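# Observations on the model geometry
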Amino acid sequence: MTEEDSENPRAYTEITEVTPGKCSSWMEKRTCNRVPLKRSNVDKFKSILRNDQFRTTHQGFALDSHGCLIDGQHRAAAIIETGVTVTAQVTYNLSPDTFAAIDGGRVRAAGDFVAQITEMRQSNANVYAAALKIIANRAAGLHWMRWSSGRLTAEHVQDLVPRWPVDEGRIVRLVSKGKQCHSSATGLIVARTIITEVWPESIADLFFDGIGETSREFVGRDPRSLYTNTMINVNRGVVSRDSVQQSAQAIKAFNALVSGESIGTLKKMKAAGVKIIKDRRTGKEIQQEYPPDRYPEVIQPAINISDKWLGSDDTRSIG
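Residues numbered from 1 in each chain as written. Predicted model: local features only at pLDDT ≥ 70, side-chain atom pairs only at ≥ 80, totals over all residues. Heavy atoms only, no water.

### What to know about helix α7 (residues 154-163)
Within α7 the residues assigned to the buried category are Ala154, Val157, Leu160 and Val161. The buried side chains of α7 occupy one side of the element, clustering within an arc of 120° when seen end-on. Turned more than 90 degrees from where α7 packs its buried face, Asp159, Pro162 and Arg163 sit exposed. Residues of α7 that are buried make contact with α5 (110-118) and α6 (122-139). (Buried < 20%, exposed > 50% of the residue type's maximum accessible area, 1.4 Å probe, protein only. Helix = DSSP H or I, 4+ residues; strand = E, 2+ residues; numbered from the N terminus. Arc of directions from axis to C-beta. Contact = heavy atoms within 4.5 Å.)

### Remarks on the side chain of Thr228
Mapped onto the elements of the fold, Thr228 is located in helix α11 (residues 223-235). Within polar-contact distance, the side chain of Thr228 engages the side chain of Ser215 at 3.4 Å. In contact with Thr228, not counting residues within four places along its chain, are Cys181, Ile211, Gly212 and Ser215. (Polar contact = N/O pair within 3.5 Å; in protein donor to acceptor, adjacent residues only side chain to side chain.)

### Topic: the packing of aromatic side chains
The geometry of an aromatic ring pair is captured by two quantities: the separation of the ring centres and the angle between the planes. Enumeration over the complete set of coordinates arrives at 7 aromatic pairs. Between the aromatic rings of Trp26 and Phe61, the centroid separation amounts to 5.3 Å while the plane-to-plane angle is 45°, which identifies the pairing as tilted. In this pair, Trp26 is assigned in helix α2 (residues 20-28) and Phe61 in strand β2 (residues 61-64), connecting sequence segments 35 residues apart. Neither residue differs from the other here; Trp26 and Phe61 are each classed as buried. Arranged with centres 4.5 Å apart and planes meeting at 55°, the rings of Trp147 and Tyr295 form a pair that is tilted. Taken together, the residues Trp147 in the loop between α6 and α7 and Tyr295 in the loop between β6 (285-290) and α13 (307-310) connect sequence positions 148 residues apart. (Phe/Tyr/Trp six-rings, centres within 6.5 Å; stacked < 30°, edge-to-face > 60°.)

### Description of the pattern of salt bridges
Here the structure, examined in full by the defined rule, presents 8 salt bridges. Between Arg138 and Glu197 there is a salt bridge, with the nearest N and O atoms lying 3.3 Å from each other. Here Glu197 lies in the loop between α9 (185-195) and α10 (201-208) and Arg138 lies in helix α6, a separation of 59 residues in the sequence. Since its relative accessible area comes to 26%, Arg138 is described here as partly exposed. When the shortest N-O distance is used, the salt bridge between Arg192 and Glu201 registers 3.6 Å. Its relative accessible area of 49% is what places Glu201 among the partly exposed residues. The network of salt bridges with shared partners includes Arg170, Arg192, Glu201, Asp205 and Asp209. (Salt bridge = Lys/Arg side-chain N within 4 Å of Asp/Glu carboxyl O.)

### Section: the confidence of the model for the chain
Overall, the prediction assigns the chain a mean pLDDT of 85, with 89% of residues at 70 or greater. Within the chain, no element has a lower average pLDDT than helix α1 (residues 3-7), which sits at 52, and none a higher one than α9, at 97. (pLDDT = per-residue confidence, 0-100.)

### Let's talk about the packing of helix α3 (residues 39-50) against helix α4 (residues 73-82)
Taken N-terminus to C-terminus, the directions of α3 and α4 make an angle of 55°; their axes are 8 Å apart at the nearest point. Here α3 lies oblique to α4, going by the angle between them. Here the hand of the crossing between α3 and α4 comes out right-handed. In contact with Arg39, Asn41, Val42, Phe45, Lys46, Leu49 and Arg50 of α3, α4 contributes His74, Arg75, Ala77, Ala78, Ile79, Glu81 and Thr82. Each residue belonging to the contact of α3 with α4 can be placed in one class, and the counts come to 6 nonpolar, 3 polar and 5 charged. (Axes fitted to C-alpha atoms, helices over the stretch in contact; angles between N-to-C directions. Parallel < 35°, antiparallel > 145°, perpendicular 65-115°, else oblique. Left-handed = near helix turned anticlockwise from the far one by under 90°. Nonpolar A, V, L, I, M, F, W, Y, C, P; charged D, E, K, R; others polar.)

### A look at unusual backbone geometry
In most cases, non-glycine residues show a negative phi, while peptide bonds are predominantly trans. Even without a glycine there, the phi angle at Asn93 is positive, about 65°. The residue Asn93 is located in strand β4 (residues 86-94) in this model. In this structure, His182 is a non-glycine residue whose phi angle is positive, near 60°. Mapped onto the fold, His182 is located in the loop between α8 (168-181) and α9. By relative accessible area, which is 19% here, His182 ends up buried.

### A closer look at α5
Taking burial as the measure, the 9 residues of α5 include 7 buried ones, the bulk of the element. Taken together, the buried positions of α5 are Ala110, Gly111, Asp112, Phe113, Val114, Ala115 and Gln116. Trailing α5 by a residue or two, Glu119 shows a phi angle of about 65°, which is positive.

Written out as structure tokens, the structure is:
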């Protein structure tokens, strides 16, 4: 065997006995595959095994060149739990990149691939993946009304996670803030990402750490309290999934915070539409199209941020 062959072993497939012990060994090594088991799928295979309905087909098990199980985890779990040995097709020495292509457009969603790449908990990965889709569409120059459209493939996720990294601890905090405000955690992640393209994270955190239950400390028309109360009142006690709209409202509130401006309300942006007006000359009703509201731009940093809401602490200066 050449040195090249030892570094990149040839993939091969064999039909062999797959025992519960072998499956246990594979499952212990599936650190590369962070997609969580779906209990319904495991139970389906358990039923097949117990009824002696398992058949040897082209679908079986696949391991990468490091011995990590990248396909067949539900079958393996069912074999472990039932103690049944089967004859199945097993493929060895696949490239680790193969994981991204397995069931990529059918079973696994973007959140599954984010979980695999980042090792986040699945629930946090799902929120992050939803935010990445919106942020990527925005960067592609799509109209803001279309930011939440489309589907992320595994290849897209591999490119987007390094481009817009978000620490899992930050995601957990924003999920908590979203629940306190009845707002979308995805929208908060999107807003924070857009804001930190212009402002330091420490300044962005003055807003995001101050919404939710923390906003009770503020008096008057502090934008953090206004955002919190608006979300609670508008969404009527239910966490809203209107992520793009709520990211825009968060940016408006942030702009007011750092500039020291007062805002009475945080209205939702209107989509394009048609309204009926009367022609002054003829009195006839005519249809008039109107454009959608623009997504807000983040206010540019000044030398010092306003002390109207934040106080005059010198540590809040920006050099």
